[in-house]
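So you can see what is in the structure, the chains are spelled out below.
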Amino acid sequence: MRFIYLLSIVFLLNACGPTVDIDYDPQINFSQYNTYAFFPTIESGLNDLDEKRIIRVTDSLLQARGFQRSDTPQFLINFYANESISNSRNTIGIGVGGGGGNVGVGVSGGIPIGGRMVNQELTIDFIDVQNDDLVWQAVANDDYKERATPKQKEAYYAAVIEKMLKKYPPKN
């Protein structure tokens, strides 16, 4: 019983967080790539602080997996994001109703709580330097609070990019 309870929690936590889709060239031998660098002119659509966060997190995760940042890389990393703002999906419902005889009337509404959310689609591309070809791409979709603190943004990008890079290199 305890095992089933623990397994349920793991599945629930796994269902939360970003959704990640990947695409890659199945003809590529990904074990050939050991060194990387970031694309020289990244036009991510994000502010400089978020770009630095993404670079820092990606660097840390790739280096922990044995990749080395280099001036003569085997692949380049590019990233960009599309964002939109929406109201929080969490609401408090209020309703008033009354009735008499065979007639009833009710009015209800929802008040949003939790502030607005930034819906972000983050794309990371790995480009083979020698052939100038896109060889791997990950796209993550997730939300974070519009007024997130720097620590919250750092944690957000760490979770999203870690989930994206779990799928690299692909298993052919």
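Reading guide: rules and limits
Each chain carries its own residue numbering, running from 1 in the direction its sequence is written. In keeping with the model being predicted, local features are shown solely for residues with a pLDDT of at least 70 and side-chain atom pairs are shown and tallied solely at 80 or more, while totals for entire chains, interfaces and linings include all residues. In computing side-chain values, all of the structure's heavy atoms are included and hydrogens and water are not. Any Lys or Arg side-chain nitrogen found within 4 Å of a carboxyl oxygen on Asp or Glu counts as a salt bridge. Going along the chain from the N terminus, every DSSP run of H or I of four or more residues is numbered as a helix, and every run of E of two or more is numbered as a strand. We call a residue buried when its accessible area falls under 20% of the maximum for its residue type, exposed when it is over 50%, and partly exposed in between, using a 1.4 Å probe and counting protein chains only. Contact between two residues is taken to exist if any of their heavy atoms lie within 4.5 Å; hydrogens are not considered. The predictor attaches a confidence to each residue, and that confidence, scored 0 to 100, is pLDDT. Every axis in this analysis is a line fitted to C-alpha atoms, fitted for helices over the stretch in contact. Angles between the N-to-C directions lie between 0 and 180 degrees. Angles are sorted into four bins: roughly parallel if under 35 degrees, roughly antiparallel if over 145, roughly perpendicular if 65 to 115, and oblique for all others. Here is the rule for handedness: rotate from the far helix to the near one, and if that takes an anticlockwise turn smaller than a right angle the crossing is left-handed, while a clockwise turn gives right-handed. Note on pairing: two strands pair once DSSP finds at least 2 bridges between them. Here the term right-handed applies to a crossover when the path leading from its first strand over the helix to its second strand runs clockwise, the strands being oriented away from the viewer.

Q: Can you walk me through the pattern of salt bridges in this structure?
A: A side chain with one charge may pair with a side chain of the opposite charge, provided their charged atoms come close. Tallied over the full model, the rule gives 4 salt bridges. Ionic pairing is found between Arg53 and Asp50, a salt bridge with its closest N-O pair at 2.6 Å. Of this pair, Arg53 and Asp50 both sit in helix α2 (residues 48-64), 3 residues apart, which is roughly one turn of the helix. Asp50 gets classed as buried once you look at its relative accessible area, which sits at 3%. Through salt bridges that share partners, Asp50, Arg53 and Lys153 make up one connected network.

Q: What am I meant to see in the environment of Gln63 here?
A: On the secondary structure map, Gln63 appears in helix α2. As for Gln63 and Tyr36, which are separated by 27 residues in sequence, their C-alpha atoms are 9.9 Å apart. Excluding anything up to four places from it in sequence, Gln63 contacts Tyr36 and Arg69.

Q: Is there a simple way to think about the confidence of the model for the protein chain in this case?
A: Averaged over all residues, the pLDDT of the protein chain equals 84, while 82% of them reach at least 70. Across residues 5-14, where pLDDT falls below 50, the model places 1 contact with residues more than four positions away in sequence or in other chains.

Q: Even after reading the chapter, I still don't get the packing of α2 against helix α3 (residues 150-165), so can you show me in this structure?
A: The axes of two packed helices give the description: the angle between them and the distance between them. Two elements in contact, α2 and α3, have axes whose closest approach is 9 Å; the angle formed by their N-to-C orientations is 45 degrees. With respect to their mutual orientation, α2 and α3 come out oblique. In this structure, the crossing between α2 and α3 has a hand that is right-handed. Residues Asp50, Arg53, Ile54, Arg56, Val57, Thr58, Leu61 and Leu62 of α2 lie in contact with α3, whose contacting residues are Pro150, Lys153, Glu154, Tyr157, Ala158, Ile161, Glu162 and Leu165.

Q: Explain the pairing of strand β2 (residues 35-38) here, please?
A: Two faces make up the sheet, and in a regular strand the side chains alternate between them. Judged by which residues are buried, β2 turns out to be covered on both faces: Thr35 and Ala37 on one side and Tyr36 and Phe38 on the other are all buried. Pairing of β2 with strand β3 (residues 68-69) involves 2 bridges; the strand directions are parallel. Residue pairing in the sheet places Tyr36 in a bridge with Arg69 of β3. Taken together, β2, α2 and β3 form a β-α-β motif whose crossover is right-handed.

Q: Would you explain unusual backbone geometry in this entry?
A: Most peptide bonds adopt trans geometry, and most residues besides glycine take a negative phi value. Residue Pro169 follows Tyr168 across a cis peptide bond; omega there is -5 degrees. Structurally, Pro169 can be placed in the segment after α3. A positive phi angle, near 55 degrees, is found at Asp132, a position not held by glycine. The topology assignment puts Asp132 in the loop between β7 (116-128) and β8 (133-145).

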